[in-house]
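# Per-entry structural report
Listed below, chain by chain, are the residues.
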Amino acid sequence: MALTREEREQFLAEPHVAALSVVADEDGRAPLTLPIWYQYEPGGDVWIMTGPDSRKARLIAAAGRFTLMVDRLEPTIRYVAVEGPVVATEPATREQARELAARYLPAEKVDSYLDMAAKEHGEQVVIRLRPERWVSSDLGSI
C-alpha cells in the first residue's frame, strides 16, 4: 500500500542509509548506485555530502538529478524512493558535516569521525535535491 505524503516524508526523515542512483553515461556503464548518508526534513530538500571531484559528484552534475531510496524490513517492509533535480551544490561546512554525522553515529563518536573524515576525505560539497517524484510502499509484515 502506498504511503501518504506525511508518512513518506516522515519515513525519509528517519536516519536510514540511502541507496543513491545516478545515470552514468560513460562507456555503456549501468547507473551508479551506492549507499550514502543523507539529511532531510519534511517539506524541504534532501542533501548529501561528497567530494567535489568524486565520480558521484561528476555524474550528478552531468545528469542534473539523482534518486535516493531508503527501506526497512521491520516492523514492516517499507520503502521510499525520491527523485528530483539538483537545486544547489555548495562547499560543505563543518556544521553540516557534524549534523550529518550526528544523524548516524552515537554522540561520543561524532568528533573523532569528523577529525578522521577531514583528514581522509578532504574537501566536501553539499548537493541538494528537490523532491519531485516519490514512490513508496508499506508491504506489511509479510
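Our subject is the structure that appears above.
Residues numbered from 1 in each chain as written. Predicted model: local features only at pLDDT ≥ 70, side-chain atom pairs only at ≥ 80, totals over all residues. Heavy atoms only, no water.

### Side note on the pattern of salt bridges
This structure, assessed with the given rule, holds 10 salt bridges. A salt bridge links Glu9 to Arg5; the shortest N-O distance between them is 3.2 Å. With Glu9 and Arg5 both in helix 1 (residues 5-13), this residue pair falls four residues apart, about one helical turn. A residue is classified by how much of its surface remains accessible, and Glu9, at 10% relative accessible area, is buried. For Arg65, the salt bridge goes to Glu83, with nearest N and O atoms at 2.6 Å. Residue Arg65 is found in strand 4 (residues 65-72), and its partner Glu83 is found in strand 5 (residues 78-91); the two are separated by 18 residues along the sequence. (Salt bridge = Lys/Arg side-chain N within 4 Å of Asp/Glu carboxyl O. Helix = DSSP H or I, 4+ residues; strand = E, 2+ residues; numbered from the N terminus. Buried < 20%, exposed > 50% of the residue type's maximum accessible area, 1.4 Å probe, protein only.)

### Section: the packing of aromatic side chains
Evaluated as defined, the whole model comprises three aromatic pairs. With 4.8 Å between their ring centres and 10° between their planes, Trp37 and Tyr104 make a pair best called stacked. Residue Trp37 is located in the loop between strand 2 (32-36) and strand 3 (46-50), and its partner Tyr104 is located in helix 3 (residues 94-104); the two are separated by 67 residues in the primary sequence. The interplanar angle of 45° and the centroid separation of 5.3 Å between the aromatic rings of Trp37 and Tyr113 together place this pair among those described as tilted. Of the two residues, Trp37 sits in the loop between strand 2 and strand 3 while Tyr113 sits in helix 4 (residues 107-121), which places them 76 residues apart along the sequence. Relative accessible area serves as the criterion here: at 24%, Trp37 is assigned to the partly exposed category. When its relative accessible area of 24% is taken as the criterion, Tyr113 is described as partly exposed. Counting every residue linked through ring pairs, the aromatic cluster contains Trp37, Tyr104 and Tyr113. (Phe/Tyr/Trp six-rings, centres within 6.5 Å; stacked < 30°, edge-to-face > 60°.)

Just geometry here; none of it tells us what the structure is for.
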